[in-house]
Amino acid sequence: MDEKNYAEMTEQELREEIANLKEKARKAEQLGIVNEYAVYERKATMAAAYLIDPKTIVPGEMYRIDGAPGEFFKVEYLKGRFAWGYRLGGNRYEEALPISILLPMKVGK
């Protein structure tokens, strides 16, 4: 079977891939295979990044981090499906996060 990369997939194919990866992650978690669970979760996060228009992520803006309550990320620039910047507080080292885990600061409008 020829595997497409995420950039080549349609929205429907991406959604099916994410569901498939989430199911594999769930099974790995049930079996206690922690590293396999983490790999499938990361792949699903990356696939989800291709469902988001990078233009919706604005350099200079602050975002909440999905799955990390109370943590905030300031975007410096975008490269592909990653936002580069730093988390507030702590050691302000530059890192890249998939755009799929960045949530707007304001809920609603």
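Procedures and definitions
- Residues numbered from 1 in each chain as written.
- Predicted model: local features only at pLDDT ≥ 70, side-chain atom pairs only at ≥ 80, totals over all residues.
- Heavy atoms only, no water.
- Helix = DSSP H or I, 4+ residues; strand = E, 2+ residues; numbered from the N terminus.
- Contact = heavy atoms within 4.5 Å.
- UniProt positions renumbered as here; feature names shortened; annotations may be inferred.
- Salt bridge = Lys/Arg side-chain N within 4 Å of Asp/Glu carboxyl O.
- Buried < 20%, exposed > 50% of the residue type's maximum accessible area, 1.4 Å probe, protein only.
- Expected span 1.5 Å × (residues − 1).
- Arc of directions from axis to C-beta.

For the rest of this paragraph, the subject is the environment of P54. Relative to the assigned elements, P54 resides in the loop between helix 2 (34-49) and strand 1 (62-65). For the pair P54 and R81, spaced 27 residues apart in sequence, the C-alpha to C-alpha distance is 6.8 Å. Beyond its immediate chain neighbours, meaning those up to four positions away, P54 contacts L78, R81 and I99.

Next up on the list: the UniProt feature "coiled-coil region" (unreviewed entry) in the protein. According to UniProt, the "coiled-coil region" (unreviewed entry) feature falls on residues 4-31. Taken as a whole, residues 4-31 contains 71% helix and 0% strand, while its terminal C-alpha atoms sit 28 Å from one another.

This paragraph deals with the pattern of salt bridges. Tallied over the entire structure, the rule returns 7 salt bridges. Taking the shortest distance from any N to any O, the salt bridge between K4 and E13 comes out at 3.1 Å. Here R87 and E71 are joined by a salt bridge, their closest N and O atoms 2.4 Å apart. Taken as a pair, R87 in strand 3 (residues 82-87) and E71 in the loop between strand 1 and strand 2 (72-79) lie far apart in primary sequence, 16 residues in all. Note on E71: relative accessible area 32%, which makes it partly exposed. Where salt bridges share partners, they join E23, R26 and K27 into one cluster.

With that out of the way, let us pick up helix 1 (residues 11-30). The first and last C-alpha atoms of helix 1 sit 29 Å apart over 20 residues, in line with the 28 Å expected at 1.5 Å per residue. Along helix 1, the positions that sit buried rather than exposed are L14, I18, L21, A25 and A28. In an axial view of helix 1, the angular spread of the buried residues amounts to 90°, which keeps them on one side of the axis. For helix 1, the elements touching its buried residues are helix 2. Of the residues one or two after helix 1, G32 is the one with positive phi, at around 75°.

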